[in-house]
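Below, each chain spelled out in residue letters.
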Amino acid sequence: MYPTKIAYKLCFRICFIICISQGLLNAQIVIGTPNLGFSQACASDSFNTYSATFVFSPEEALTASNQFTIELSDTEGDFSNPTVIFTSSPGAVTSSPATLEFSLPTDTAGEGYKIRIKSSSPAATSSKSVAFAAYYKIQDSPFTINNLVSTGAFCAGGSYLLTIDNPGNGSNDSPLNYPSLTFNWYKETGPTTSVFISEGPTLNVSEEGTYFVETNYGSCTSDSFSNRVTISEVTSGEANAGISSSLGNPFCPDQGSTTLSTIGGNSYQWYKDGTIIEDATNQMHQTSESGLYSVVVDLGDCSAAGEITLESELFEGTINVSEVNSIEEDESLYVEVTTTALQPEYEWYLNNVLITDATEASYEATDFGTYKIVVTETSGCTGSREFLFEINEALDPFPDVEKIPNVISPNGDGINDTWVIPQQYVTGTNTEVIIMTNRGKIVMQTNEYLNNWPENNLNLTSVNQVYYYIITTANNDTKKGSITVVK
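Not measured: the values here are computed from a predicted model.

Some details on the side chain of Ser73
Along the polypeptide, Ser73 turns up in the loop between strand E6 (68-72) and strand E7 (83-87). A residue is classified by how much of its surface remains accessible, and Ser73, at 4% relative accessible area, is buried. A distance of 2.9 Å separates a polar atom in the side chain of Ser73 from the backbone nitrogen of Lys114. Apart from residues no more than four positions distant in its own chain, Ser73 is found in contact with Asp78, Phe79, Gly112, Tyr113 and Lys114.

Section: the sheet that holds strand E35 (residues 383-393)
Within a sheet, neighbouring strands are paired by backbone hydrogen bonds and run either parallel or antiparallel to one another. Spatial ordering of the open sheet is given by E29-E35-E34-E31-E32, a layout of five strands whose pairing is mixed. Edge positions in the sheet fall to strand E29 (324-327) and strand E32 (353-354), since each of these pairs with one other strand and no more. Across seven bridges, the pairing between strand E31 (residues 344-350) and strand E34 (residues 369-377) is antiparallel. From the neighbouring strand, Trp348 faces E34, where its bridge partner is Ile373.

Brief notes about the packing of aromatic side chains
Going through the model one piece at a time under the given rule, you end up with 16 aromatic pairs. Here Tyr186 and Phe212 contribute two aromatic rings whose centre-to-centre distance is 5.5 Å and whose plane-to-plane angle is 20 degrees, an arrangement assigned as stacked. Taken as a pair, Tyr186 in strand E15 (residues 183-188) and Phe212 in strand E18 (residues 209-215) lie far apart in primary sequence, 26 residues in all. Side by side, Tyr186 and Phe212 carry an identical accessibility label, which is buried. Here Trp419 and Tyr449 contribute two aromatic rings whose centre-to-centre distance is 5.8 Å and whose plane-to-plane angle is 55 degrees, an arrangement assigned as tilted. Within this pair, whereas Trp419 is found in the loop between strand E36 (407-408) and strand E37 (432-437), its partner Tyr449 is found in the loop between strand E38 (442-446) and strand E39 (465-472), the two being separated by 30 residues in sequence. Assigned by exposure class, Trp419 and Tyr449 land together as buried. Lying across the ring of Phe212, Arg228 places its NZ or CZ 3.6 Å from the centre.

What to know about the pairing of E37
Within E37, five of the six residues are buried, which leaves it mostly tucked inside the rest of the structure. Judged from the four bridges that link them, E37 and E38 form a sheet pairing that is antiparallel. Bridged to Ile434 within E38 is Gln445. Counting the residues in the hairpin turn of E37 and E38 gives four residues, including Gly440, whose phi is positive at 90 degrees.

The rules we used
Residues numbered from 1 in each chain as written. Predicted model: local features only at pLDDT ≥ 70, side-chain atom pairs only at ≥ 80, totals over all residues. Heavy atoms only, no water. Helix = DSSP H or I, 4+ residues; strand = E, 2+ residues; numbered from the N terminus. Buried < 20%, exposed > 50% of the residue type's maximum accessible area, 1.4 Å probe, protein only. Polar contact = N/O pair within 3.5 Å; in protein donor to acceptor, adjacent residues only side chain to side chain. Contact = heavy atoms within 4.5 Å. Pairing = 2+ DSSP bridges. Phe/Tyr/Trp six-rings, centres within 6.5 Å; stacked < 30°, edge-to-face > 60°. Lys NZ or Arg CZ within 6 Å of the ring centre and 35° of its normal.

Printed below as a string of structure tokens:
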């Protein structure tokens, strides 16, 4: 009985060890070399998704908690200090082959990157992928050098320093704002060819030619490049100093002042319309006025000069009515704006209150008051212009008055400015109206009186003047009296 129990226990232990060993064998997998879904990775903020496909075996060896990760090497393909660029969710990948997507870090820049795949449960690591170029283009737009001035000059035996502008003028997106970037300078050798010159944010030029710089994104194509600058050597006389306007030329005045820039030198003097501008002695000069601007640049043993006809441009516009208009109570005034504005928007105001339903270039005005039209150009040189006009109630030139007035005050206030008489004596009634000075000199004699005396300045003094009138109707009914003109 005793030997039988010992044999039984021994058999049990052997079976247990065999099961454990078999489990350990089943818990191991092999991951194949990742196959890249791209030849080079040129990432940016608008695109940064890449894929890799791999196989693994056996599938059943994966546990429910397994995660696959993608590791990125350094620029030389070394995994001594890898960067994890993707981690799957636990148990998310269960079948082979598998495809994983990943994104590149923003500091990626090099030609020899590799990736590898790792699993967590059970732990396994694939071989390295093939090498590939990878760059994250953190800045991928044109930028300026030399303050956007297209020329530069140096005296014979000297040199000229080209620099990347930071921040530069206008909307320049300077790549110097991104410390991780590097730069390559080139010299043009033909209309479509160039030769590499040097690296760095500046270039000291001692040879004539046309130069430009690009952000170093290796074999990846990019829009991160500068304007061209043509450098000349001055052996005698005076060189041409280019001038650029940061807001362009013409420029939009609503954007504020534009910055005029010229080539680099030792000292500067700016002029406007041939007159020196006091204290304008820097490489840049700000202005918001149109005119002929010129500059003289001291280059040391020689000098340079340049000029630019600067224009401030805003759209033109007119309205078809006068500043002051009169209409009757039941009339209207058609007002129309003619403008050269691109994609204009219109706002109409009456006594500074917006007329909400008036949004077109024309409006049928019926109310008395002060009107304002604001026209805004929404494309190109954006800006606004205002047009003002008034509508007053038309005065009845022949009101129904009862008596012949004996006092007028022609001071332009719209009250008793002229001698207005009853309707049976005005034009159309064949009534003769005579007005004389106090010395008997006739100043008006008409059979078509229009209630419009005096039409001219009477040269009034501080003493009120008295005139006399004689009104004779068609049936010889006569009215006589005096008119006192109050200053």
